[in-house]
Amino acid sequence: MSAGLPVFRYHPDPLASGSIRASTEKCACCHRSTGWIYTATFYTAQEVDGSFCPWCIADGSAAQRFEGDFIDAYGLGAVSDETLEEVAHRTPGFHAWQDPHWLVHCGDASAFLGEVGHTELAAHPRCSRPPPARPAYGRLARRSQA
C-alpha cells in the first residue's frame with residue numbers, strides 16, 4: 001500500500017482491491033482533495049454527494065456523519081462490538097458482483113486480501129473440494145432405497 005495512507009487492519013491493501021484509487025475528487029465528508037477516494041459501497045439512508053477519502057473512513061467520521069456502514073454487517077454477530085465497529089464504520093468495503101459478506105473465523109473478522117476465483121482455488125485443492133455427501137435421513141430416504 002502507498003505510504004501515507006491510513007492502515008486498515010481488515011482491508012490491508014485497498015489500492016490493490018480497487019476500493020481506493022488516486023483521484024482529485026473532494027471528499028464528501030471533509031471536503032478536502034487528498035489525492036485518494038473510496039470507490040466501493042456505502043450503505044446509508046442519507047443522500048451523499050460524492051465519496052470519501054481514506055482518512056474519513058479510517059477515523060470513522062464518514063460513517064458517523066452520514067449514519068452508514070461500509071459493509072453489510074450481517075454475519076458479524078460472532079465478533080466483539082469493537083471489531084464490528086471497526087469493520088462496519090472504519091474499514092473500506094470491497095467490490096463484488098453480489099452483496100459482499102465479511103467472513104469471520106475464531107471470533108474475529110477476516111482480513112480482505114482480494115478476490116478468489118477458480119484459478120486461485122485450483123492451487124489449493126484441499127480448499128476447493130466439494131463437501132462430502134450427507135447421508136439421507138427420514139422416511140422418504142428409506143422408501144427410495146427399496
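Within every chain, residues take consecutive numbers counted from 1 along the sequence as written. At least 70 in pLDDT is required for a residue's local features to be given in this predicted model, at least 80 for side-chain atom pairs to be given and counted, and no such filter applies to totals for whole chains, interfaces and linings, which use all residues. The side-chain quantities take in all heavy atoms of the structure and omit both hydrogens and water.

Caption draft 1: Representation of the overall build of the chain in the model. Only DSSP runs of H or I with at least four residues qualify as helices, and only runs of E with at least two residues qualify as strands; both kinds are numbered from the N terminus onward. For the chain, the count of helices and strands is seven helices and four strands. Sequence-ordered secondary structure for the chain, helices as α and strands as β, is α-β-β-α-α-α-β-β-α-α-α. Within the chain, buried positions represent 30% of all 146 residues. Within the chain, contacts between residues at least 6 apart in sequence are counted, and of these 51% link residues at least 24 apart. Only the protein chains shown count as covering a residue, and every accessible area follows the Shrake-Rupley method with a 1.4 Å probe. For the chain, the accessible area works out to roughly 9,700 Å², and carbon and sulfur atoms hold 52% of it. Any residue under 20% of the maximum accessible area for its type is buried, any over 50% is exposed, and the rest in between are partly exposed; the area is computed with a 1.4 Å probe on protein chains only. Contacts are assigned to residue pairs with any non-hydrogen atoms lying within 4.5 Å of each other.

Caption draft 2: Layout of helix H4 (residues 81-90). Thr83, Glu86, Val87 and Ala88 are the residues of H4 that are buried. Residues of H4 that are buried sit in contact with strand E4 (108-109).

Caption draft 3: Structural context of the layout of surface pockets. The definitions used throughout rest on a 1 Å grid laid over the protein atoms alone, on which a cavity is an enclosed set of points accommodating a 1.4 Å probe that cannot get out and a pocket is an open set flanked by protein within 12 Å on both sides along at least five of seven lines; lining residues are those having an atom within 4 Å of a point. Grid points are joined across faces, edges and corners, and a volume is the space filled by probe spheres set on the points. The volume enclosed by the largest pocket comes to roughly 320 Å³. The wall of the largest pocket is formed by Phe94, His95, His101, Trp102, Leu103, Ser110, Ala111, Phe112, Leu113, Gly114, Glu115 and Val116. Split into classes, the residues belonging to the lining of the largest pocket amount to seven nonpolar, four polar and one charged. Each residue gets one label: Ala, Val, Leu, Ile, Met, Phe, Trp, Tyr, Cys and Pro are nonpolar, Asp, Glu, Lys and Arg are charged, and the others, such as Gly, are polar.

Caption draft 4: Spatial organisation of empty space enclosed by the protein. Scanning the entire structure with this criterion turns up one cavity of 30 Å³ or more. Taken as a whole, the largest cavity encloses approximately 30 Å³ of empty space. In terms of lining, the largest cavity is formed by Thr41, Tyr43, Phe70, Ile71, Asp72, Gly93, Phe94 and Pro100. Partitioned by chemical class, the residues of the lining of the largest cavity number five nonpolar, two polar and one charged.

Caption draft 5: View of the state of the cysteines. By definition, disulfides here are pairs of cysteine sulfur atoms that lie within 2.5 Å. Counted according to the given criterion, the structure contains zero disulfides. The cysteine Cys56 is free of any disulfide, with Cys53 supplying the nearest cysteine sulfur at 3.7 Å.

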